[in-house]
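Each chain is listed here by its residues.
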Amino acid sequence: MTFLQIMDNNSHVPMVLFFGTIAMLALTIGLIVFIIFHQRKVMRFQMQLQKMEYDQQKMLLNASIKLQEEERQRIAADLHDDAGPLLATARLYLNENLVNLDKTTQLQSIYNAKQIIDDTIQLIRNISHSLMPPTLKNFGLESAVNDLFQKISSSGSMNASARFHDYRERMQPENELIIFRVIQELVNNILKHSNASFIHLTQNTNNNKFFIRLHHDGRGLTQADFDKLNKSSVGLGLKNIQSRLRVLHGKIFFEKDISQTYFKVTIELLKENSMVAQ
């Protein structure tokens, strides 16, 4: 009886092996199919990332081109509206009829023409300085900002101060110019619209982040206001700020202090994207 039971049990062994083999084969095929689909999914994701990076680079390039074109148009307008009439007036004083005038009138005309030419030279110098302020070019962002704030305070329109806590490594020159233009635009908006009595700028770094913060006690913007203006047809200056910061992969935040007594604007950059390589 025992022998028969053993024979009967042994007859099930091939069936168990067969079904076990089928199960292992199905599991292996399923694993292979899963790996193939996962790899395809990863490839599609990588392609989407590459497309997003390409679109972002294209957007940044377009923003940079737009800013350059706006700068060119502004320069062209300044030259056309200011330098052009000045030079035309100088030409009137030095026209061919000058030789027919008496000595005193000739001298006065030459003097007037000289004054106009001097004014034109100063205008062109101012345009040149607006493209790259000498202080910024020669001494860097900290000196240029301090110079800007000193001029504001000297005008008596507002108490302005700036403090750079740890600006030991200068930015690349083109990045310093971008940040300086952003600060200029922010300060200009505060001067025109906020009715503030003071403005204070601070700079500091934290780990790999570079921060510039502007505080003022006038009317200001919150982040919701900034986002809304960016989506509207107004607020060109704010759109320019956003476009400039995108070139540096930077961010900007608008908020009201928890004390509700002043507004704060924070510019955030990655140090590795802005500083001069050592």
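Above this text you will find the structure in question.
Overview of the structure. (Residues numbered from 1 in each chain as written. Predicted model: local features only at pLDDT ≥ 70, side-chain atom pairs only at ≥ 80, totals over all residues. Heavy atoms only, no water.)

Here we take up the overall build of the chain. Helices and strands together make up the secondary structure of the chain, namely nine helices and five strands. Counting helices and strands in the order they occur from the N terminus, the chain gives α-α-α-α-α-β-α-β-β-α-α-β-β-α. In the chain, buried positions account for 28% of the 278 residues. Excluding contacts between residues fewer than 6 apart, the proportion of contacts in the chain whose partners are at least 24 apart in sequence is 66%. Summed over all atoms, the accessible surface of the chain reaches about 18,600 Å², with 59% contributed by carbon and sulfur. (Helix = DSSP H or I, 4+ residues; strand = E, 2+ residues; numbered from the N terminus. Buried < 20%, exposed > 50% of the residue type's maximum accessible area, 1.4 Å probe, protein only. Contact = heavy atoms within 4.5 Å. Areas by Shrake-Rupley, 256 points an atom, 1.4 Å probe, with all protein chains shown as cover.)

The backbone phi angle of asparagine 195 is positive, close to 60°, even though this residue is not glycine. Along the chain, asparagine 195 falls in the loop between helix 6 (173-193) and strand 2 (198-206). According to the relative accessible area criterion, asparagine 195 is exposed, its value standing at 66%.

Here we come to the pattern of salt bridges. Considering all chains together, one arrives at four salt bridges under this definition. In this structure, the salt-bridge partner of glutamate 176 is arginine 170, at a minimum N-O distance of 2.5 Å. For arginine 170, a relative accessible area of 32% corresponds to the partly exposed category. For glutamate 268, the salt bridge goes to lysine 209, with nearest N and O atoms at 3.2 Å. You can see glutamate 268 sitting in strand 5 (residues 263-270) and its partner lysine 209 sitting in strand 3 (residues 209-216), a full 59 residues away along the chain. Look at glutamate 268 and you get buried, because its relative accessible area is 14%. (Salt bridge = Lys/Arg side-chain N within 4 Å of Asp/Glu carboxyl O.)

Turning next to the sheet that holds strand 2. Pairing between the strands of a sheet comes from backbone hydrogen bonds, and it takes one of two forms, parallel or antiparallel. If you trace the five strands from one edge of the open sheet to the other, you get 1-2-3-5-4, paired in mixed fashion. Two strands close off the open sheet at either side, each with one partner strand: strand 1 (159-164) and strand 4 (251-256). Each strand of the sheet is rotated relative to its neighbour by a mean of 15°, with strand direction disregarded. Of the pairings in the sheet, the one linking strand 3 to strand 5 comprises eight bridges and is antiparallel in character. Across the sheet, phenylalanine 210 pairs through a bridge with leucine 269, a residue of strand 5. (Pairing = 2+ DSSP bridges. Axes fitted to C-alpha atoms, helices over the stretch in contact; angles between N-to-C directions.)

Before going further, it helps to spend a moment on the packing of aromatic side chains. Applying the stated criterion across every chain yields a total of three aromatic pairs. Here the aromatic residues Phe164, Tyr167 and Phe210 are joined through ring pairs into a cluster of three or more. (Phe/Tyr/Trp six-rings, centres within 6.5 Å; stacked < 30°, edge-to-face > 60°.)

For soluble globular proteins, nonpolar side chains are generally found buried alongside one another. Leu141, Phe149, Ile179, Leu186, Ile252 and Ile267 are the most contacted members of the largest nonpolar core, which totals 36 residues. At the level of elements, helix 5 (141-155), strand 1, helix 6, strand 2, strand 3, helix 8 (236-247), strand 4 and strand 5 are the ones that each hand at least two residues to this core. A total of eight residues in this core trace back to one element, the largest contributor, which is helix 6. Excluding anything up to four places from it in sequence, leucine 186 contacts Leu214, Ile241, Ile252, Phe254, Val265 and Ile267. (Core = buried A, V, L, I, M, F, W, Y, C linked by side-chain atoms within 4.5 Å.)

With 21 residues, helix 6 ought to run about 30 Å at 1.5 Å a step, and its terminal C-alpha atoms sit 30 Å apart, in line with that. Residues of helix 6 that are buried: Asn175, Glu176, Ile178, Ile179, Phe180, Arg181, Val182, Ile183, Leu186, Val187, Asn189 and Ile190. (Expected span 1.5 Å × (residues − 1).)

Further remarks concern a nonpolar patch on the surface. A cluster of nonpolar side chains, namely Met15, Phe18, Phe19 and Ile22, defines an oily patch on the protein surface of about 420 Å² accessible area. Inspection of the secondary structure puts isoleucine 22 in helix 2 (residues 13-93). The class of isoleucine 22 is partly exposed, set by a relative accessible area of 42%. (Patch = residues over 30% accessible without salt bridge, like charges linked within 9 Å, V, L, I, M, F, W, Y side chains within 5 Å.)

Turning to the pairing of strand 4, a few remarks are in order. For strand 4 and strand 5, the ladder comprises six bridges, and the chain directions are antiparallel. The partner of isoleucine 252 across the bridge, within strand 5, is isoleucine 267.

Let us look at the packing of helix 5 against helix 6. Two numbers describe how helix 5 lies on helix 6: the axes approach to 10 Å, and their chain directions differ by 20°. Compared by their axis directions, helix 5 and helix 6 come out roughly parallel. Considering the relative orientation of helix 5 and helix 6, their crossing is right-handed. Seen from helix 5, the contacting residues are Leu141, Ala144, Val145, Leu148, Phe149 and Ile152; seen from helix 6, they are Glu176, Ile179, Phe180, Ile183, Gln184, Val187 and Leu191. Of the residues assigned to the contact of helix 5 with helix 6, the class counts are eleven nonpolar, one polar and one charged. (Parallel < 35°, antiparallel > 145°, perpendicular 65-115°, else oblique. Left-handed = near helix turned anticlockwise from the far one by under 90°. Nonpolar A, V, L, I, M, F, W, Y, C, P; charged D, E, K, R; others polar.)

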